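Each chain is listed here by its residues.
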Amino acid sequence: MRPRRFAALGPLTGRIRVPGDKSISHRSIMLGALAVGETTVTGLLEGEDVLSTAAAMRAMGATIERDAGGTWRVHGVGVGGLLQPQAALDMGNSGTSTRLLMGLVASHPITATFIGDASLSKRPMGRVIDPLSQIGASFTAAPGGRLPLTLQGVQPAIPISYRLPVASAQVKSAVLLAGLNTAGITTVIEPVPTRDHSERMLRGFGAHLDVDVEADGTRIIRLTGEAELKPQSIEVPGDPSSAAFFAVAALIVPGSDLVIENVGLNPTRAALFDVLRLMGGSIEELNRRDVGGEPVADLRVRASVLTGIEVDPAVVPSMVDEFPILFVAAALAQGRTVTRGLEELRVKESDRIAVMRAALEQAGARVTETEDGLIIDGTGGEPLRGANNASVATHLDHRIAMSMAVAGLASHGGVEVDDTRPIATSFPVFESLLATATGTAA
Ligand code: S3P
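So, here's what we can say about the structure. Small disclaimer: the values here were computed from a predicted structure and weren't measured.

**What about the overall build of the protein?**
- When its secondary structure is counted, the protein shows 12 helices and 22 strands.
- The globule rule puts the C-alpha radius of gyration for 442 residues at 22 Å, and the 21 Å found for the protein is close to it.
- For the C-alpha atoms alone, the extent of the protein along its principal axes is close to 60 × 45 × 45 Å.
- Taking the intrachain contacts of the protein between residues at least 6 apart in sequence as the baseline, contacts between residues at least 24 apart amount to 76%.

**What to know about the sheet that holds strand β18 (residues 336–338)**
- Taken in spatial order, the 3 strands make up an open sheet running β18-β20-β19, and their pairing is antiparallel. The sheet terminates laterally at β18 and β19 (366–370), the two strands that pair on one side only. Recorded for the sheet is a direction-independent mean angle of 15° between the axes of neighbouring strands.
- Across 5 bridges, the pairing between β19 and strand β20 (residues 373–377) is antiparallel. For T370, the partnering residue across the bridge sits in β20 and is G373.
- The strands that helix α10 (residues 352–362) touches are β19 and β20; relative to β19, the one it contacts most, it runs at about 160°.

**Here we look at empty space enclosed by the protein**
- The final tally for this structure, using the stated rule, is 2 cavities of 30 Å³ or more.
- If you add up the space inside the largest cavity, you get close to 40 Å³.
- Around the largest cavity sit R27, M30, L31, L177, S198 and L202, which together line it.
- Among the secondary structure elements, those contributing two or more residues to the lining of the largest cavity are α1 (22–32) and α6 (197–204).
- In terms of residues, the lining of the largest cavity owes the most to one element, α1, which gives 3 residues.
- Partitioning the lining of the largest cavity into residue classes produces 4 nonpolar, 1 polar and 1 charged.

**Let's talk about the side chain of H197**
- Relative to the assigned elements, H197 resides in helix α6.
- For H197, a relative accessible area of 2% corresponds to the buried category.
- Of note is the side chain of H197, whose polar atom sits 2.9 Å from the side chain of R269.
- Among residues more than four places away in sequence, those in contact with H197 are D21, S23, I24, R27, N266, R269 and E294.

**So, the packing of α10 against helix α11 (residues 398–409)**
- With their axes 11 Å apart at the nearest point, α10 and α11 run at an angle of 25° to one another. One element, α10, and the other, α11, form an angle in the roughly parallel class. Relative to α11, α10 is oriented so that their crossing is right-handed. In this structure, α10 contributes R352, V355, M356, A359 and L360 to the contact, and α11 contributes H398, R399, I400, S403 and M404.

**Some thoughts on the layout of surface pockets**
- Considering only enclosed or pocket space, the largest pocket measures out at about 590 Å³ in volume.
- Around the largest pocket sit 38 residues that line it, and A167, S168, A169, V320 and K348 are the ones nearest its centre.
- Contributions of two or more residues to the lining of the largest pocket are made by α1, α3 (95–106), α5 (169–180) and α11.
- A total of 4 residues in the lining of the largest pocket trace back to one element, the largest contributor, which is α1.
- Partitioning the lining of the largest pocket into residue classes produces 10 nonpolar, 12 polar and 16 charged.
- Here the lining of the largest pocket spans two domains, and each of domain 1 (4–19 + 238–437) and domain 2 (22–225) adds at least three residues to it.

**Remarks on the packing of aromatic side chains**
- Applying the stated rule across the entire model yields 5 aromatic pairs.
- Seen in terms of ring centroids, F246 and F427 are 6.0 Å apart; in terms of plane orientation they differ by 65°. Their pairing is edge-to-face. With F246 in helix α7 (residues 240–252) and F427 in the loop between β22 (415–417) and α12 (430–437), this pair connects stretches of sequence that are 181 residues apart.
- Judged by its relative accessible area of 1%, F246 falls in the buried class.
- Here F427 and F430 contribute two aromatic rings whose centre-to-centre distance is 5.6 Å and whose plane-to-plane angle is 70°, an arrangement assigned as edge-to-face. Of the two residues examined, F427 and F430, each falls in the buried class.
- A connected cluster of aromatic rings, assembled from ring pairs, spans F245, F246, F427 and F430.

Calculation rules
Residues numbered from 1 in each chain as written. Predicted model: local features only at pLDDT ≥ 70, side-chain atom pairs only at ≥ 80, totals over all residues. Heavy atoms only, no water. Helix = DSSP H or I, 4+ residues; strand = E, 2+ residues; numbered from the N terminus. Rg over C-alpha atoms; globule rule 2.2 N^0.38 Å. Contact = heavy atoms within 4.5 Å. Pairing = 2+ DSSP bridges. Axes fitted to C-alpha atoms, helices over the stretch in contact; angles between N-to-C directions. 1 Å grid on protein atoms, 1.4 Å probe; cavity = no way out; pocket = protein on both sides within 12 Å on 5 of 7 lines; lining within 4 Å. Points joined across faces, edges and corners; volume = space filled by probe spheres on them. Nonpolar A, V, L, I, M, F, W, Y, C, P; charged D, E, K, R; others polar. Buried < 20%, exposed > 50% of the residue type's maximum accessible area, 1.4 Å probe, protein only. Polar contact = N/O pair within 3.5 Å; in protein donor to acceptor, adjacent residues only side chain to side chain. Parallel < 35°, antiparallel > 145°, perpendicular 65-115°, else oblique. Left-handed = near helix turned anticlockwise from the far one by under 90°. Domains from an automatic or database assignment. Phe/Tyr/Trp six-rings, centres within 6.5 Å; stacked < 30°, edge-to-face > 60°.

This is the structure:
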């Protein structure tokens, strides 16, 4: 464990740039590894989760290297060309690596065992086992459909039409990736839209993928296999889920005026910034542009008086990873914030509803837990009391660690986070950027 106390460091100012988007980074390695020829990736997130994906794709035959200039070069094996891995694939903490790679393996004639850390080994894989069983793959898993899990892929696989029972981009992507090496049309029906990076990138790599949107917003995604992917040159935009921690920190620490450069603002990801604006947050988009087929802008964030709101459950999928940090903003806002429809948060890297309730309470916030959300009565801008002598438990969850670090910045007594190591899964430079933005770098 690597504990650290986060206390008030003063305003966040100047300009920072957050690392590449995690979701896009995973997908660029995976699709590059399935294209024939060299795919180059700049701005790749070099976090542990993405490195787990890269290691697994290497174990299945791809060549993946980082050159001295920081560009990643991926030489793929071609769709259908994945090789039998010689050892278990260690997914570390990464649910995205696990679920998407299960999809890839499912339509190849290979057998792979997936293992992971204590957090990942608690997470449900039944949601991908179900559709991948329908295409003909077979599984042995730990009780409850958990890791360690062995997947025997099938060839030829059966093209399926699958209606998502949970709003999950990981499940959607697993089915689509399995469809790449499946002759015929694989269909995913998505009643509630989730992040669409897989669809955008599959098209970018030359796959035949069509999306129809029905009157009620349901998306029907059809992928034609077997696909041939052409290598691409990919520039990964900054991760809005990482920018989120600095945006909230700048809003709640008085005197802050921070520009966060190059933030991906794909509408299926960016709802946190809209919610914060509705709460009164000053977040300005500068220099809006396109990077690698994704909308991007620099965000200028100024300290603001926030007011609690009822968050519309319809926006949950577009900010599913941002609730821990939204809860921190709510704890400092004037009045009550109500969140609902967050059942999925209970099966993330930790049970983010229960864990944030406990951590924020410890830091002096007024929080009520419901079955599917939190109700938070904010301080009205007054700093939190702080977590006194006890450290808050982060349960191997990077986003809990970073959220409570930000809470510490707006507290009298500071907040000790029990373990900062998990931050490296998604945002290895979080602590150094915090030092830069607060002018406290050594
Ligand atoms: C992700 C999808 C989301 C998100 C995760 C990344 C992805 O998970 O929480 O951090 O890259 O597809 P779910 O699909 O399980 O909601």
